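Now for the letters of each chain:
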Amino acid sequence: MTSNMDREMILADFQACTGIENIDEAITLLEQNNWDLVAAINGVIPQENGILQSDYGGETISGPAFDPASHPAPAPAPSSSSAFRPVMPSRQIVERQPRMLDFRVEYRDRNVDVVLEDSCTVGEIKQILESELQIPMSKMLLKGWKTGDVEDSTVLKSLHLPKNNSLYVLTPDLPPPSSSSHAGALQESLNQNFMLIITHREVQREYNLNFSGSSTIQEVKRNVYDLTSIPVRHQLWEGWPTSATDDSMCLAESGLSYPCHRLTVGRRSSPAQTREQSEEQSTDVHMVSDSDGDDFEDASEFGVDDGEVFGMASSALRKSPMMPENAENEGDALLQFTAEFSSRYGDCHPVFFIGSLEAAFQEAFYVKARDRKLLAIYLHHDESVLTNVFCSQMLCAESIVSYLSQNFITWAWDLTKDANRARFLTMCNRHFGSVVAQTIRTQKTDQFPLFLIIMGKRSSNEVLNVIQGNTTVDELMMRLMAAMEIFTAQQQEDIKDEDEREARENVKREQDEAYRLSLEADRAKREAHEREMAEQFRLEQIRKEQEEEREAIRLSLEQALPPEPKEEIAEPVSKLRIRTPSGEFLERRFLASNKLQIVFDFVASKGFPWDEFKLLSTFPRRDLFSFLPPVLCFFSLFVSTCNWNVRSYYLSDECRLLLNEDGDDR
């Protein structure tokens, strides 16, 4: 039995000779040949005589002849120096060839290829990676081994690795690469605001300007042009970092100090001197921009002062006023104000309310408490040096625009013209009182623009805050939020009062509705009772009329009846007894010559009209109304002229008739 160490050596030699990289396949072939190296090689690689010389025992070992039908063609030899060459001379001793292993090591965004013999150790791989990746071996964790974590002293051959291997390096103790940290810092700087303290050298005046990290150097210079009237191409700067070499570079990339950075600006005497200074002081931090003056010739060549040329351009840019003077309609004036504001500062600006100040009050204050908003009044002044910066940097900032749109009704007015200024002061005196009007009247031009925050009260309008133009975005937002907190507290009280008032009104409304419904129910009952009484009265009248009519008919029939014949009369007489539905009997004598109609009239005269009662004979039972209108003959002497003979129904001259109600045939 061979030991495990011998088998590992045999496996390595077998793979080196045959080029079989799959360890499982190599072990299977060796086991089929009882770990006989020469026999296993002869079974895989065809030899000329089927014989290889063994270097283990020094004897010649005869191997089985190669059969092409039972063995596949040998795999193509790899290009490395350790590949086995299939053509071997007869009885050549198989020499131990070194086995080369290929490693592809991945570290973050890099891949390093390492080729070593299997007799090398893991530590030698780390040494190569240390020189390639510039990472200390002590900080390096080499992962990806199929057998788990291994020591640096582990020999590669003992790991039974395939020819091609993939590993990766971890460095948990090292910080992230500088490129990633720089990108994160840059992104953070883009979201920050830089305070630029700019000193105007000629007039010795400082301007505190707030810019976002995404603003460009060119934007800073244009804003300084609005403040100092120094054209961009004639500005001479001091204090810019050496990395700020391009006007299109954003402030976050320029290397400015955060949160404040000091700069100095002045007017250069001539372009030639500026170029001279930039050539002599290549390491100086001065920076001159020519980006905005490409379309202009050098004015000094034509005997025209640069300030005059750009002053004319500046006045030409502002020749269109923000608001017409003496405008009759405030809505039309604000339409022009909004259009001019958009043309100067872009479309990202607060939504200005179009209408009179009174209409803005109605929109902001005179609605339900939940729908009320603060009123922000923006007072513009073109002659103020702060106007352009305030509008472009603060008022048009996305955060300010969004906050104003959600919580404020923004109304604007231009105080540049004296007529418009006087008109607004009159409105201010009427709506806010003389104190606020006097405060605005005493404001200097350089303190404009102003931003008034108005909150509506039950009886008056209160000015919560007056914000001047020399502010920053953060300060402006903070003051807006402070005003919003005061307004929210007042609004909650108003909502509570309004809810209580609405609750009381709802209760009163419900009570009024219940009272109205009760009145309607009572009126409906009364009307129903009146209708019922009227119907009863009508029916009673009809009944009385019917009774009177029946009584009149009865009396007329009774008067129209012939007199009852006497018993002593010589003519034949028949006595009829008629039983009523109540059990009473009606008796009367009739002449035999009387018609049957007289019997009916007699019965009707007693209160039994023909249309309500029937007159029936007892035996045989017949309805006498069916015999109308024949002449009644009660004796046999009239039989020849009568339709029926009374004697055929009655046993004697005293006849019995049954009077039933109409429809009852009993």
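Scroll up to find the structure.
Since this is a predicted model, take the numbers as computed values, not measurements. (Residues numbered from 1 in each chain as written. Predicted model: local features only at pLDDT ≥ 70, side-chain atom pairs only at ≥ 80, totals over all residues. Heavy atoms only, no water.)

### Observations concerning the sheet that holds strand β4 (residues 110-117)
Logical step 1: Strand order in this open sheet of 4 strands is β4-β3-β6-β5, and the pairing throughout is mixed. The open sheet terminates on both sides in strands that have one partner only, identified here as β4 and β5 (141-143). Between one strand and the next, the sheet's axes are offset by a mean angle of 30°, whatever the strand orientation.
Logical step 2: Across 8 bridges, the pairing between strand β3 (residues 100-107) and β4 is antiparallel. Counterpart to F103 in the pairing with β4 is V114.
Logical step 3: Across the sheet, helix α4 (residues 122-133) lies against β3, β4, β5 and β6 (164-170), angled at about 140° from β4, the strand it touches most. (Pairing = 2+ DSSP bridges. Helix = DSSP H or I, 4+ residues; strand = E, 2+ residues; numbered from the N terminus. Axes fitted to C-alpha atoms, helices over the stretch in contact; angles between N-to-C directions. Contact = heavy atoms within 4.5 Å.)

### Some details on the sheet that holds strand β13 (residues 408-414)
Logical step 1: The 4 strands are arranged β13-β12-β14-β15 in an open sheet whose pairing can be described as mixed. Single-partner strands in this sheet number two, and they are β13 and β15 (461-467). On average, adjacent strands in this sheet sit at an angle of 25° to one another, irrespective of strand direction.
Logical step 2: Where strand β12 (residues 374-380) meets strand β14 (residues 450-456), 5 bridges bridge the pair, whose relative direction is antiparallel. Following the sheet pairing, L375 is matched in β14 by I454.
Logical step 3: Against the sheet, helix α10 (residues 357-364) makes contact with β12, β13 and β15, and its axis sits at roughly 150° relative to β12, the strand it touches most.

### Notes on the pattern of salt bridges
Logical step 1: Under the definition given, this model contains 25 salt bridges.
Logical step 2: Of the charged contacts in the structure, one is a salt bridge between E540 and R543, with a shortest N-O distance of 2.1 Å. Of this pair, E540 and R543 both sit in helix α15 (residues 473-560), 3 residues apart, roughly one helical turn.
Logical step 3: Several salt bridges converge on common partners, so that one network encompasses E340, R344 and D382. (Salt bridge = Lys/Arg side-chain N within 4 Å of Asp/Glu carboxyl O.)

### Topic: the pairing of β6
Logical step 1: Of the two faces of β6, the one lined by N165, L167 and V169 is fully buried and the one lined by N164, S166, Y168 and L170 carries no buried residue.
Logical step 2: Examined bridge by bridge, β3 and β6 share 5 bridges and lie parallel to one another. Pairing of D102 across the sheet is with N164, part of β6.
Logical step 3: Where β5 and β6 come together, 3 bridges link them in antiparallel fashion. For L141, the partnering residue across the bridge sits in β6 and is L170. (Buried < 20%, exposed > 50% of the residue type's maximum accessible area, 1.4 Å probe, protein only.)

### Some details on the side chain of T338
Logical step 1: Summarising the element assignment, T338 is placed in helix α9 (residues 330-345).
Logical step 2: Residue T338 is classed as buried on the basis of its relative accessible area of 18%.
Logical step 3: If sequence neighbours within four positions are ignored, T338 has contacts with H349, F352 and I354.

### Thoughts on the packing of aromatic side chains
Here a ring pair, both rings aromatic, is described through the centre-centre distance and the interplanar angle of the planes.
Logical step 1: Applying the stated criterion to the full structure yields 18 aromatic pairs.
Logical step 2: Taken together, the ring pairs connect F337, F341, Y345, F352, Y378, F390 and F451 into an aromatic cluster.
Logical step 3: Seen from the ring of F585, R577 lies directly overhead, with NZ or CZ sitting 5.7 Å from the centre.
Logical step 4: Across from the ring centre of F590, 4.9 Å away, lies the NZ or CZ of R588, which sits over that ring. (Phe/Tyr/Trp six-rings, centres within 6.5 Å; stacked < 30°, edge-to-face > 60°. Lys NZ or Arg CZ within 6 Å of the ring centre and 35° of its normal.)

### Overview of a nonpolar patch on the surface
Logical step 1: On the surface, a nonpolar cluster with roughly 250 Å² of combined accessible area is contributed by L141, Y168 and L170.
Logical step 2: Here L170 is to be found in strand β6. (Patch = residues over 30% accessible without salt bridge, like charges linked within 9 Å, V, L, I, M, F, W, Y side chains within 5 Å. Areas by Shrake-Rupley, 256 points an atom, 1.4 Å probe, with all protein chains shown as cover.)

### Thoughts on the environment of L375
Logical step 1: Residue placement: L375 occurs in strand β12.
Logical step 2: What makes L375 buried here is its relative accessible area of 0%.
Logical step 3: Separated by 86 residues in the primary sequence, L375 and N461 place their C-alpha atoms 9.9 Å from one another.
Logical step 4: For L375, the contacting residues outside a window of four places in its chain are L357, A360, F361, A364, F365, F408, I409, W411, L452, I453 and I454.

### Some words on the packing of helix α13 (residues 418-431) against helix α14 (residues 434-441)
Logical step 1: For the pair α13 and α14, interaxial distance at closest approach is 7 Å and the crossing angle is 155°. By the angle class used here, α13 and α14 are roughly antiparallel. Where α13 crosses over α14, the handedness of that crossing is right-handed. Contacts between α13 and α14 involve R421, F424, L425, C428 and N429 from the former and S434, V436, A437, I440 and R441 from the latter.
Logical step 2: A breakdown of the residues in the contact of α13 with α14 according to their chemical character gives 6 nonpolar, 2 polar and 2 charged. (Parallel < 35°, antiparallel > 145°, perpendicular 65-115°, else oblique. Left-handed = near helix turned anticlockwise from the far one by under 90°. Nonpolar A, V, L, I, M, F, W, Y, C, P; charged D, E, K, R; others polar.)

Such coordinate-based values are descriptive only and should not be taken to indicate function.
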